[in-house]
Amino acid sequence: MSRPTVLDARSIVKRFGAVTALDGVSFDLRAGEVHALCGENGAGKSTLIKLLSGVYPHGSYEGDILVDGRPAEFRSTRDAEHAGIAIIHQELALFPDMTVGENLFLGSFPRRLGRIDWDRVYSESAATLAECGIQLDPATRVGDLGIGQQQLVEIARAVARRPKVLVLDEPTAALSRHEIDTLLGLLRQLRSRGVACVFISHKLDEVFGIADRITVLRDGTAQGTLDVAATDAGEIIRRMVGRSIEDYYPRRSAARGRRLLAVCGLSVVDRPGDAPRLQDISFDVYAGEVLGIGGLMGAGRTELLMHLLGLWGRREAGTVELDGQPYTARNPRAALRRGLALVSEDRKRFGLVLAQGVAFNLSLSSLQESKRGPLIDLAGELVRTQATAQDLRIKAHTLEQPVGTLSGGNQQKVVLGKMLLTSPKVLLLDEPTRGIDVGARLEVYELVNRLTAAGQGIVLVSSELGELMGMSDRIVMLCEGRVGGVFERAEATQEKLLAAAMGRLGRAA
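Here the structure is a predicted model, which is why all the values come from computation and not from measurement. (Residues numbered from 1 in each chain as written. Predicted model: local features only at pLDDT ≥ 70, side-chain atom pairs only at ≥ 80, totals over all residues. Heavy atoms only, no water.)

Q: Which parts of the structure should I look at to understand the pattern of salt bridges?
A: A side chain with one charge may pair with a side chain of the opposite charge, provided their charged atoms come close. Scanning the model with the defined rule gives 36 salt bridges in all. The partner of glutamate 131 in a salt bridge is arginine 162, and the shortest N-O contact between them spans 2.8 Å. Here glutamate 131, found in helix 4 (residues 118-131), pairs with arginine 162, found in the loop between helix 5 (147-160) and strand 9 (165-169); they are 31 residues apart in sequence, far enough to count as distant. Since its relative accessible area comes to 21%, glutamate 131 is described here as partly exposed. Of the charged contacts, one joins glutamate 289 and arginine 474 as a salt bridge, the two residues approaching to 2.7 Å between their closest N and O atoms. One end of the pair, glutamate 289, is in the loop between strand 14 (278-286) and strand 15 (290-295); the other, arginine 474, is in strand 23 (residues 474-479), with 185 residues separating them in the sequence. Under the relative-accessibility criterion, glutamate 289 is labelled buried at 2%. (Salt bridge = Lys/Arg side-chain N within 4 Å of Asp/Glu carboxyl O. Helix = DSSP H or I, 4+ residues; strand = E, 2+ residues; numbered from the N terminus. Buried < 20%, exposed > 50% of the residue type's maximum accessible area, 1.4 Å probe, protein only.)

Q: Looking at this structure, how should I read the packing of aromatic side chains?
A: How two aromatic rings sit relative to each other is given by the distance of their centres and the angle of their planes. Enumeration according to the criterion identifies four aromatic pairs in this entry. Ring centres of tyrosine 249 and tyrosine 445 lie 5.6 Å apart, and the angle between their planes is 55°; this geometry places the pair in the tilted category. Linking tyrosine 249 in the loop between helix 8 (233-241) and strand 13 (259-269) with tyrosine 445 in helix 15 (residues 438-453), this pair joins segments that are 196 residues apart in sequence. Across this residue pair, the class does not change: tyrosine 249 and tyrosine 445 are buried. Taken together through their ring pairs, the aromatic side chains of Phe109, Trp118 and Tyr122 make up a single cluster. In this arrangement the basic side chain of lysine 14 is found over the ring face of phenylalanine 16, its NZ or CZ atom lying 4.9 Å from the centre. (Phe/Tyr/Trp six-rings, centres within 6.5 Å; stacked < 30°, edge-to-face > 60°. Lys NZ or Arg CZ within 6 Å of the ring centre and 35° of its normal.)

Q: Hey, could you run me through the packing of helix 14 (residues 408-420) against helix 15 in this one?
A: If you want to describe how two helices pack, look at the angle between their axes and the distance between the axes. Look at helix 14 against helix 15: their axes get within 10 Å of each other, and the N-to-C directions meet at 15°. It follows that helix 14 is roughly parallel to helix 15 by the angle criterion. For the crossing formed where helix 14 meets helix 15, the hand is right-handed. Seen from helix 14, the contacting residues are Gly409, Lys413, Leu416 and Leu420; seen from helix 15, they are Ala440, Glu443, Val444, Leu447 and Leu451. The class makeup of the residues in the contact of helix 14 with helix 15 is six nonpolar, one polar and two charged. (Axes fitted to C-alpha atoms, helices over the stretch in contact; angles between N-to-C directions. Parallel < 35°, antiparallel > 145°, perpendicular 65-115°, else oblique. Left-handed = near helix turned anticlockwise from the far one by under 90°. Contact = heavy atoms within 4.5 Å. Nonpolar A, V, L, I, M, F, W, Y, C, P; charged D, E, K, R; others polar.)

Q: What am I meant to see in the sheet that holds strand 17 (residues 325-326) here?
A: Where strands meet in a sheet, backbone hydrogen bonds hold them as pairs that are either parallel or antiparallel. Judged by pairing direction, the sheet is antiparallel, and its four strands sit side by side in the order 14-13-16-17 without closing on themselves. Taken across any chain shown, the strands that pair with only one partner, and hence form the sheet edges, are strand 14 and strand 17. Pairing geometry for strand 13 and strand 14, over six bridges, is antiparallel. Residue pairing across strands places leucine 261 opposite valine 285, the latter belonging to strand 14. In the packing of helix 9 (residues 301-308) onto the sheet, contacts are made with strand 13, strand 14 and strand 16 (314-322), and the angle to strand 13 comes to roughly 110°. (Pairing = 2+ DSSP bridges.)

Q: Whenever I open this one, the nonpolar core confuses me. Can you help?
A: Nonpolar side chains in soluble globular proteins generally cluster together in the buried interior. Counting residues in each nonpolar core, the largest one holds 81 residues, and the members touching the most others are Leu166, Leu187, Ile214 and Leu427. Residue contributions to this core peak at eight residues, all from helix 15. Apart from residues no more than four positions distant in its own chain, leucine 187 is found in contact with Leu166, Leu168, Cys197, Phe199 and Ile210. (Core = buried A, V, L, I, M, F, W, Y, C linked by side-chain atoms within 4.5 Å.)

Q: Any chance you could explain the side chain of serine 462 here in plain terms?
A: Within the secondary structure layout, serine 462 lies in the loop between strand 22 (457-461) and helix 16 (465-471). Owing to a relative accessible area of 1%, serine 462 belongs among the buried residues under this scheme. Among the polar contacts listed, one links the side chain of serine 462 to the side chain of glutamate 467, at a separation of 2.6 Å. If we skip the residues at most four places from it in the chain, serine 462 touches Ile293, Gly294, Arg301, Glu431, Glu467 and Leu468. (Polar contact = N/O pair within 3.5 Å; in protein donor to acceptor, adjacent residues only side chain to side chain.)

Q: Got a minute to help me understand the sheet that holds strand 3 (residues 34-38) in this structure?
A: The six strands are arranged 6-9-10-3-11-12 in an open sheet whose pairing can be described as mixed. In this open sheet, the two edge strands, each paired with only one partner strand, are strand 6 (85-88) and strand 12 (221-227). Going across the sheet, the axis of each strand differs from the next one's by a mean of 15°, ignoring polarity. Sheet analysis places strand 3 next to strand 11 (residues 213-218), joined by four bridges and oriented parallel. Looking at the pairing, leucine 37 lines up with threonine 215 of strand 11. This element, helix 5, spans strand 6 and strand 9 of the sheet and lies at about 175° to strand 6. Against the sheet, helix 8 touches strand 3, strand 11 and strand 12, its axis set at about 25° to strand 11.

Q: Is there a simple way to think about a nonpolar patch on the surface in this case?
A: A cluster of nonpolar side chains, contributed by Leu296, Leu498 and Met502, occupies part of the molecular surface with about 230 Å² of accessible area. Within the element layout of this structure, leucine 296 appears in the loop between strand 15 and helix 9. On the basis of relative accessibility, which here comes to 36%, the residue leucine 296 falls in the partly exposed class. (Patch = residues over 30% accessible without salt bridge, like charges linked within 9 Å, V, L, I, M, F, W, Y side chains within 5 Å. Areas by Shrake-Rupley, 256 points an atom, 1.4 Å probe, with all protein chains shown as cover.)

Okay, here's the thing in structure tokens:
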């Protein structure tokens, strides 16, 4: 029995001046289905959902939108909300100084005798959170929550409005594995109640795990809608990027050279007197090698990289050698001088000055290389940044374009370029493909191949087991601040890696 169509976009054309963002795109959504939208950054996904949710009002585009078979002319997001469409954008729209409960009811507070009924606010907020499987106190200040928890609050706020259509734009980008499982479980519940969901994600494992159908966009055009049961990731990728990709993780192993980084028996505390947060960690990184580091949320992956860069923790025991010499970084500048560089998992917070241009950001960590006496050689700096931008194929109108206006993939390329200009011996990559599309991922992977072929060492931290297995020559799995297992590429399986991450398997290095 076919399900009724609740939302139907027909032959949509949307232009921004001379640029056509959507060119004749059609898309339909059925009751009780999860319909995924896939495509590279700039393919038109966000433009389409902004049309469906009233951000771009009727009259600013060509084509028709129908809700329950009737023409809809949304003049604003409020019109779309009244029609039962709720959208969760990538950028959170919460008030950090207000509580979870206040954010859930913002704009629709229940009242009693002319005043806000705070008892109802918090009791109904608690019920909504429980319904969504979210374990949070509704009286908690939102600003005290992590990004992942804030994302779940945003989702709960949308669910509280009982939408018939829920649109989620990259909802898992900042979530832990547990939080992702909570969200996907919630979507399955909503689907069983007849709620229709539009799900946008660059993570194809999540798409295939939750979606019923997939519509692929490329360069503003629809490349087809496919039933999940009748397609595979290879076909979706081919339609997204316009070419066949035989290997999603194109790792080309290089000859192993000298040992660049040696960590032996490392134990680190957050503050003096605390129990070790990292304990008895040992591993080596060789020239030409990618060492993958995995583990569950809280295993200590990011803390390990931050300590090596001199940003976190006090070493209680163990030794670290960099290129054969004892190494202890007091700060990132000292680490960069020694040849160790980090690409942070939070590029917007720690990797970029968003209001500044591409050239400014690229040269930020290597200005010393452009100095001529006490002054900066601006001409030389421009040559270096232009060459790097061209080499990494950073898409920007000019090198003065603010980095905050670039796509996620191009922002990540700027962060990578900034670190490469420091000429590191060992490059630490913390979740380098988080929140970027398939095409940009492949460019990052190819860059990793180029760096290792040139004799650099790479440490790759990733939450995605497929990425670890596909791009690493060896893998270290952390479990609660300790090494749970070390695996050569040929012997690594998802089952073994998960067992090591949960402390159920140990392997000798």
